[in-house]
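Spelled out, the chains give:
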Amino acid sequence: MLHMISHGPEMDPEASTPLLIAHGLFGSGRNWGVIAKRLSNHRRVIALDMRNHGASPWHEDHSYHALAADIAEVATQLGQPVDLLGHSMGGKTAMVAALSGVPVRRLIVADIAPVEYSHSQQPVIDAMQSVPLEDISNRADADQALSAHIEDPALRSFLLQSLNISERRWRLNLPVLSASMDQIIGFPELAGRFNAPTLFLTGAQSDYLLPEHRPLIKSLFPKARFAKIPQAGHWLHAEKPREFEAAVRIFLEAESPAALSHPSSRLK
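None of the values given here were measured: they were computed from a predicted structure.

Draft legend 1. View of the overall build of the protein. Along its length, the protein carries 11 helices and nine strands. For the protein, the C-alpha radius of gyration of 18 Å lies close to 18 Å, the compact-globule estimate for 268 residues. With the C-alpha coordinates aligned to their principal axes, the bounding extent of the protein is approximately 55 × 40 × 35 Å. Taking all 268 residues of the protein together, 55% fall into the buried category. Contacts in the protein between residues far apart in sequence, at least 24 positions, make up 74% of those at least 6 positions apart. As displayed, the protein has an accessible area near 11,900 Å², and 51% of this comes from carbon and sulfur atoms. Measuring between centres, the 25 positive side-chain charges of the protein sit 9 Å from its 28 negative side-chain charges.

Draft legend 2. Quick peek at the packing of helix H2 (residues 64-78) against helix H3 (residues 89-99). As a packed pair, H2 and H3 sit with axes 8 Å apart at the nearest point and diverge in direction by 75 degrees. The orientation of H2 relative to H3 falls into the category roughly perpendicular. Counted together, Tyr-64, His-65, Leu-67, Ala-68 and Ile-71 of H2 and Met-89, Lys-92, Thr-93, Val-96 and Ala-97 of H3 form the full contact between these two elements.

Draft legend 3. Expanded view of the pattern of salt bridges. On inspection of all chains with the given rule, the structure shows nine salt bridges. Linking Arg-43 and Asp-83 is a salt bridge whose minimum nitrogen-to-oxygen distance equals 2.9 Å. Separated by 40 residues along the polypeptide, Arg-43 in the loop between helix H1 (33-39) and strand S3 (45-49) and Asp-83 in strand S4 (residues 82-87) bring together distant segments of the chain. A relative accessible area of 0% means that Asp-83 is categorised as buried. A salt bridge links Glu-245 to Arg-249; the shortest N-O distance between them is 2.8 Å. Placement of both Glu-245 and Arg-249 in helix H11 (residues 241-253) is noted, with a separation of four residues, approximately one turn of the helix. An identical accessibility class is assigned to Glu-245 and Arg-249; each is buried.

Draft legend 4. Summary view of the side chain of Ser-28. Among the structural elements, Ser-28 can be located in the loop between strand S2 (19-22) and H1. Judged by relative accessible area, Ser-28 falls into the buried class, the value being 5%. Here Ser-28 is in contact with His-23, Leu-48 and Asp-49, once residues within four sequence places are set aside.

Draft legend 5. Layout of the sheet that holds strand S1 (residues 3-7). Read from one edge of the open sheet, seven strands run S1-S3-S2-S4-S5-S8-S9, paired in mixed fashion. Two strands in the sheet have a free side with no partner beyond their single neighbour: S1 and strand S9 (224-229). Ignoring which end each strand starts from, the neighbouring axes of this sheet average 20 degrees apart. One ladder, built from four bridges, connects strand S5 (residues 104-110) with strand S8 (residues 198-203); its direction is parallel. Paired with Ala-110 across the two strands is Leu-201, which belongs to S8. Here H3 sits on the sheet in contact with S2, S4, S5 and S8, set at roughly 145 degrees to S4.

Draft legend 6. Examining H2 more closely. If you check H2, its first and last C-alpha atoms are 21 Å apart, about what 15 residues at 1.5 Å a residue would give, namely 21 Å. Here H2 has its buried residues at Tyr-64, Ala-66, Leu-67, Ala-68, Asp-70, Ile-71, Val-74, Ala-75 and Leu-78. On its buried side, H2 packs onto S1, S2, S3, S4, H3 and helix H8 (181-185). Phi for Gly-79, located one or two positions after H2, is positive at around 75 degrees.

Reading guide: rules and limits
Residues numbered from 1 in each chain as written. Predicted model: local features only at pLDDT ≥ 70, side-chain atom pairs only at ≥ 80, totals over all residues. Heavy atoms only, no water. Helix = DSSP H or I, 4+ residues; strand = E, 2+ residues; numbered from the N terminus. Rg over C-alpha atoms; globule rule 2.2 N^0.38 Å. Buried < 20%, exposed > 50% of the residue type's maximum accessible area, 1.4 Å probe, protein only. Contact = heavy atoms within 4.5 Å. Areas by Shrake-Rupley, 256 points an atom, 1.4 Å probe, with all protein chains shown as cover. Lys, Arg positive; Asp, Glu negative; His and termini not counted. Charge placed at Lys NZ, Arg CZ, Asp CG, Glu CD. Axes fitted to C-alpha atoms, helices over the stretch in contact; angles between N-to-C directions. Parallel < 35°, antiparallel > 145°, perpendicular 65-115°, else oblique. Salt bridge = Lys/Arg side-chain N within 4 Å of Asp/Glu carboxyl O. Pairing = 2+ DSSP bridges. Expected span 1.5 Å × (residues − 1).

Spelled out as structure tokens, the structure:
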């Protein structure tokens, strides 16, 4: 079972549908703590550590079918349909889970499309593996070591959230993530469609979800709607958390298409 960080009221079959959050590559459930807590005022929100990340078990298989099976196991444990939100790698996992029959009421895919991408994250893994963990005594040492390979201080800060300084180890299964990179940037061939409401929420400054992806998305997710958050890139939930939260809340709580018309999310 995946490690879960739960926010909000305990499970109640009569209460609102629980929301599961699946993070992206190199992330963890705790990265979503602020947004998860804000969304939990009327529902249980569970931020997951995906396999090979955070406090969840490590496995050799990091395919999207395996990741989606983990989501299915959590949904079975909860014993009721779920709303599902996934970002980047977590977004692809969420799509595979929904298309594979996991009982999802509403699906939110954050800044990713069901396609194969050409950009590899292998240089980031190489940079993390180059850190001499045996010589690291504090986060500043680790940041200095990473800076030789990664210039962006925000990216270094994000990656270092997954470093256990006291145990001198990464909370990421870097060898398996490296070996699975082709699967991570890819997307499996799937039959079927997910016919429940789906929101593809993107950053206006991101190029991960392009207009040419929409026909494929619509073939798999006929009820898909699209929204952009202004002045946000791929890390839209971190760059514009208030706007991201508002768009998610409106979509999850909407009872009719008209209720989705909101200026902050620009739904189409």
